[in-house]
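# Structural overview
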Amino acid sequence: MLSKIRQSIVSHEIFELVQADLKVVEREIGVESIASVEAITTINQYLHAGGGKRLRPILLLLTAKLFGPSNETARQLGAVVEMIHTATLVHDDVIDLAKTRRGRPSINVVWGNHTSVLAGDWLYMQAFQVALRERNFHLLDILISLTQMMVEGELLQLERLQRMDISEADYMELVDRKTASLFSACARLGAIAGGADDVTESRLGDFAWNLGMAFQLVDDILDFTSTEKILGKPAGNDLREGKVTLPMIYALQTATVDERRSIETVIQEGNYEQVPFMHVLKILERHHSISAPMNVPMPLQPKHVSPVLRSPTSPLSEPFKPLWRGLQTVSPDRRRRGSDWRRG
């Protein structure tokens, strides 16, 4: 079911709806990546050329289209969210000591950590510079809150690297801050660009938050089950970088002492030289922890989805239907965002 959600997100049908707008977003990113310092421009062009799925601007553009023809505000904001997303990836790669990103050497490998951190900072600031042109405090409030949450998520992840005592609640909190919050902001920004009212904006944000949670569950499963060619990074990379994600959390709950020792070896050494990746994969399969996240019993409540998504008259209702059906089965209920997932 989770893989079907991912396929739906990037399906040709959905992409066609925003293809023309997405080309404008790409051009905008290219223009806004030019800095007065040559090194920053070079790095930004390298990042831009690396491509990506562009899921976040696609989500924003789709949401805006729910309310009418596309407009310049939606396209500008599409560039903004992709630049913010790219900035977080740059900082993540520095923190994780990553070697590759999207099938190419990561910028921290090419230019070093110090320059990469500054390049990520510049992207954040440039994204806000573009957003500021809209002269809309509500947009800026969403983006500032989002950035604070994502930075907090980066710090929490750094604190939890190489730890085997990560709970499901810890994991969900990180996904909330680092992935779902950005998905939610994309939908809210798209709703604002489309002229939606506050209630509809909020409901679309809830829908996209759940979509982001489900998307990350997919991503973390694929990290163990997919290939480097598809992922753009080596399989099993999360554990190599010291990140204990939901499949591993479930496995550790019932793992034997020897199995825990094998997993700890990978985490501490940051490689699969002593413990082969296939050995780790067999541990996950033995404890059914690859399939377990697919059955997370936290159904999405219908009230979280804007009626416009379910309306048969909406021009975009059909592409959203597979997402809606899948999310009803696997996505965490946003009502748990409170004390269950955030502490302190």
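Above this text sits the structure in question.
Position numbers for residues count from 1 along each chain, tracking the sequence in the order it is written. Only residues with pLDDT of at least 70 get local features here, since the model is predicted, and only at 80 or more are side-chain atom pairs given and counted; chain-wide, interface and lining totals rely on the full set of residues. Side-chain measures here rest on the full set of heavy atoms in the structure, leaving out hydrogens and waters.

A run of H or I in DSSP counts as a helix once it spans at least four residues, and a run of E counts as a strand once it spans at least two, with each numbered from the N terminus. Secondary structure assignment for the chain yields 17 helices and two strands. For the chain, the proportion of contacts with a sequence separation of at least 24, taken over those separated by at least 6, is 78%. We get accessible surface area from the Shrake-Rupley algorithm with a probe of 1.4 Å; when it comes to residues, only the shown protein chains can shield them. A total of about 15100 Å² of accessible surface is found on the chain, and carbon and sulfur atoms cover 54% of it. Only heavy atoms enter the contact rule, under which two residues are in contact if any of them lie within 4.5 Å.

Attention now moves to helix 8 (residues 137–160). The end-to-end C-alpha distance of helix 8, which contains 24 residues, comes to 34 Å, matching closely the 34 Å that a straight helix rising 1.5 Å per residue would cover. Whenever a nitrogen or oxygen atom comes within 3.5 Å of another N or O atom, the pair is scored as a polar contact, on the condition that within protein one atom can donate a hydrogen and the other can accept it, and that pairs from neighbouring residues in sequence are kept only if both atoms are in side chains. Measuring from the backbone nitrogen of H138 back to the side-chain oxygen at the start of helix 8 gives 2.9 Å, which picks out N136 as the cap. Directly beyond the C-terminal end of helix 8, a positive phi value near 65° is found at Q162. Multiplying 1.5 Å by the residue count of a helix minus one yields the expected span of that helix.

Below, the discussion takes up the packing of helix 2 (residues 12–32) against helix 5 (residues 72–96). Axes here refer to lines fitted to C-alpha atoms; in helices the fit is confined to the stretch in contact. Angles between the N-to-C directions go from 0 to 180 degrees. Two numbers describe how helix 2 lies on helix 5: the axes approach to 8 Å, and their chain directions differ by 60°. The angle between the axes of helix 2 and helix 5 places the two elements in the oblique class. The handedness of the crossing between helix 2 and helix 5 comes out as right-handed. Residues D21, V24, V25, E28, I29 and E32 of helix 2 lie in contact with helix 5, whose contacting residues are R75, Q76, G78, A79, E82 and M83. A per-class count over the contact of helix 2 with helix 5 returns five nonpolar, two polar and five charged. Here the word oblique covers every angle except those under 35 degrees (roughly parallel), over 145 (roughly antiparallel) and from 65 to 115 (roughly perpendicular). Two helices crossing with the near one rotated counterclockwise from the far one by less than a right angle form a left-handed crossing, whereas a clockwise rotation gives a right-handed crossing. Side-chain classes are defined by residue name, with Ala, Val, Leu, Ile, Met, Phe, Trp, Tyr, Cys and Pro counting as nonpolar, Asp, Glu, Lys and Arg as charged, and the others, Gly among them, as polar.

As a further point, take empty space enclosed by the protein. Of the grid points, spaced at 1 Å and generated over the protein atoms alone, those admitting a 1.4 Å probe that cannot get out make up cavities, while open sets with protein on both sides within 12 Å along at least five of seven lines make up pockets; any residue with an atom within 4 Å of a point is treated as lining. Grid points are joined across faces, edges and corners, and a volume is the space filled by probe spheres set on the points. Inspection of the entire model under this criterion finds three cavities of 30 Å³ or more. Put simply, the largest cavity is a space of about 130 Å³. Listing elements by their share of the lining of the largest cavity, those giving two or more residues are helix 3 (38–49), helix 5 and strand 2 (104–105). For the lining of the largest cavity, the leading source of residues is helix 5, giving four residues. Tallied by class, residues from the lining of the largest cavity come to six nonpolar, three polar and four charged. As a volume, the second largest cavity reaches approximately 100 Å³. Along its surface, the second largest cavity is lined by I29, S33, N44, L47, H48, G51, R54, E82, M83, T86, R102 and L123.

A separate point is the nonpolar core. Side-chain atoms within 4.5 Å link the members of a nonpolar core, which is a set of buried Ala, Val, Leu, Ile, Met, Phe, Trp, Tyr and Cys residues. Think of it in three bands: with a 1.4 Å probe and only protein chains considered, a residue is buried below 20% of the maximum accessible area for its type, exposed above 50%, and partly exposed in between. Core analysis: the biggest nonpolar cluster contains 54 residues, and L60, V80, I84, L143 and L189 have the highest contact counts within it. If you list the elements that add at least two residues to this core, you get helix 2, helix 3, helix 4 (55–65), helix 5, helix 7 (113–132), helix 8, helix 9 (168–194) and helix 10 (198–225). If we ignore the near neighbours within four places in the chain, the residues touching I84 are Y124, A127, L143, T147 and M150. If you look at the next biggest cluster of nonpolar residues, it comprises 32 residues, including I221, L239, V266 and V280.

The working definition used for a salt bridge is a side-chain nitrogen of Lys or Arg within 4 Å of a carboxyl oxygen of Asp or Glu. Within this structure, the stated rule accounts for 18 salt bridges. For the salt bridge of R163 with D165, the shortest nitrogen-to-oxygen distance reads 2.8 Å. On the basis of relative accessible area, D165 is assigned to the exposed category, the value being 52%. Put simply, E152, R160, D170, E173 and R177 are held in one network by salt bridges that share partners.

This paragraph deals with the packing of helix 4 against helix 9. Following both chains from N to C, one finds helix 4 and helix 9 inclined at 35°, their axes separated by 7 Å at the closest point. Here the hand of the crossing between helix 4 and helix 9 comes out right-handed. Across the interface between the two elements, R56, L59, L60, T63 and A64 from helix 4 touch L182, F183, C186, A187, L189, G190, A191, A193 and G194 from helix 9. The class makeup of the residues in the contact of helix 4 with helix 9 is 10 nonpolar, three polar and one charged.

A word on the environment of Y171. Mapping Y171 onto the fold places it in helix 9. Expressed as a C-alpha distance, the spacing of Y171 and I249, which sit 78 residues apart in the sequence, is 8.6 Å. For Y171, the residues in contact, after removing those within four places along its chain, are I166, Q216, L217, D220, V244, T245, L246 and I249.

Pairing of aromatic side chains here covers Phe, Tyr and the six-membered ring of Trp, requires ring centres within 6.5 Å, and sorts the geometry by plane angle: under 30 degrees stacked, over 60 edge-to-face, intermediate tilted. Summed over the entire model, instances satisfying the criterion amount to three aromatic pairs. Relative to W111, the ring of Y46 lies with its centre 5.2 Å away and its plane at 75°, an arrangement referred to as edge-to-face. Note that Y46 is positioned in helix 3 and W111 in helix 6 (residues 107–111), a separation of 65 residues in sequence. Consider the rings of Y272 and F277, whose centres lie 5.4 Å apart with planes at 80°: the pair is edge-to-face. Judged by relative accessible area, Y272 falls into the buried class, the value being 12%. Owing to a relative accessible area of 17%, F277 belongs among the buried residues under this scheme.

Function-wise, these values are silent; they only describe arrangement.
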